Amino acid sequence: MNAPLAEDRLQRILDLLSRNGRMRTTALTEALGVSGATTRRDLDLLASRGLIRKLHGGAALASQDQQYTDRQQLHQDAKTRLAQTALSLIQPGQTLYLDAGTTAQAVAHALKRTPHLTRTLRVVTHGIDVAYELNGECPLYVVGGELYGSTYSLTGPDALDTIRRYRYDLFLVGCTSIDPTRGLTNSNLIEAQQKAAIMTQATRTVLIADHSKWGPTGFATFATLSQIHAWVTDHAGPVARCAFEEAGVTVHDSA
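These figures come from a predicted structure and were not determined experimentally. (Residues numbered from 1 in each chain as written. Predicted model: local features only at pLDDT ≥ 70, side-chain atom pairs only at ≥ 80, totals over all residues. Heavy atoms only, no water.)

A look at the nonpolar core
Phase 1: Within the largest apolar cluster, 31 residues are counted, with the highest numbers of intra-cluster contacts made by Tyr97, Ile178, Leu184, Leu207, Phe222, Trp231 and Phe244.
Phase 2: Elements represented by at least two residues in this core include exactly α9 (157-163), β9 (168-173), α10 (189-201), β12 (202-208), β13 (220-223) and α11 (238-246).
Phase 3: The element best represented in this core is α10, accounting for four residues.
Phase 4: Ignoring any residue separated from it by four or fewer positions in sequence, one finds Leu207 in contact with Val173, Gly174, Cys175, Ile178, Leu184, Ile228, Ala230, Trp231, Val232 and Phe244.
Phase 5: Judged by nonpolar contacts, the second largest core, of 26 residues, contains Leu87, Leu89, Val206 and Val232. (Core = buried A, V, L, I, M, F, W, Y, C linked by side-chain atoms within 4.5 Å. Buried < 20%, exposed > 50% of the residue type's maximum accessible area, 1.4 Å probe, protein only. Helix = DSSP H or I, 4+ residues; strand = E, 2+ residues; numbered from the N terminus. Contact = heavy atoms within 4.5 Å.)

In structure tokens:
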């Protein structure tokens, strides 16, 4: 079997990590049919692009269930700008479903600083940190379920049952990655199912995701690009902007 060319090989590594989670360098080398030195150089390159994390003797996707506290440190300025832009899309009096995760927490923090808007809202979330930020700031409904520690979120059948009882004017959703072909993805299947269920109950869905989410292949798809109404990002590259606009999605660039 011929070894894949450089860029094809890099995509193959991302696909393998997406399907298998963490993989050892030796297993990747065998799957690719190249030398160990070539695999290590490829991993160095993918790590420099921010697409993978190098581990002792192997690698994992950069987005693959990183610890919540680690993700809080990533792209902090970008998340603050995204949150401010997201506020401009929220209308007084709405029922807002705010996703779990570090970007959602940034939005909750921004809402806490704008009480003239926040006090008019009804907010629903399955994010523990989001609920902590907004406690006492507005009517707040927390979806119950099993604790998923990687995102400080509550998930599972109980959460899905609750989500499906209500309607939401606006859903502000995050994602693990944006694949130009597969759409919006998440590293955890249960969370992906939960996001999809919320979208069916929401009149309008707005994706909030910085530029680093574009391109990597995630594990579980929860929506196509055309299923969302707007994308709030810090910098939409020309390829990404074109893909979203062709899908009928409005792009809000906060850069």
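Here we look at the sheet that holds strand β3 (residues 58-61)
Neighbouring strands of a sheet are bound in pairs by backbone hydrogen bonds; such pairs are parallel or else antiparallel.
Phase 1: Pairing within the open sheet is antiparallel, and its three strands lie in the order β1-β3-β2. With one partner strand each, in any of the chains shown, β1 (23-24) and β2 (52-55) form the two edges of the open sheet.
Phase 2: Across four bridges, the pairing between β2 and β3 is antiparallel. Each bridged residue has a counterpart across the sheet, and for Arg53 the counterpart in β3 is Ala60.
Phase 3: On top of the sheet, helix α3 (residues 36-48) reaches β2 and β3; it is set at about 130° to β2, its chief contact. (Pairing = 2+ DSSP bridges. Axes fitted to C-alpha atoms, helices over the stretch in contact; angles between N-to-C directions.)

Section: the sheet that holds strand β4 (residues 95-98)
Phase 1: Taken together, seven strands build an open sheet; the order of strands is β6-β5-β4-β9-β12-β14-β15 and the sheet is parallel. Taken across any chain shown, the strands that pair with only one partner, and hence form the sheet edges, are β6 (140-142) and β15 (250-253). In this sheet, neighbouring strand axes are inclined to one another by 20° on average, regardless of whether the strands run parallel or antiparallel.
Phase 2: Across four bridges, strand β14 (residues 230-233) lies against β15 in parallel orientation. Along β15, the bridge assignment pairs Thr233 with Asp253.
Phase 3: Along the sheet, helix α6 (residues 102-112) contacts β4, β9 and β12; its crossing angle with β4, the most-contacted strand, is approximately 140°.

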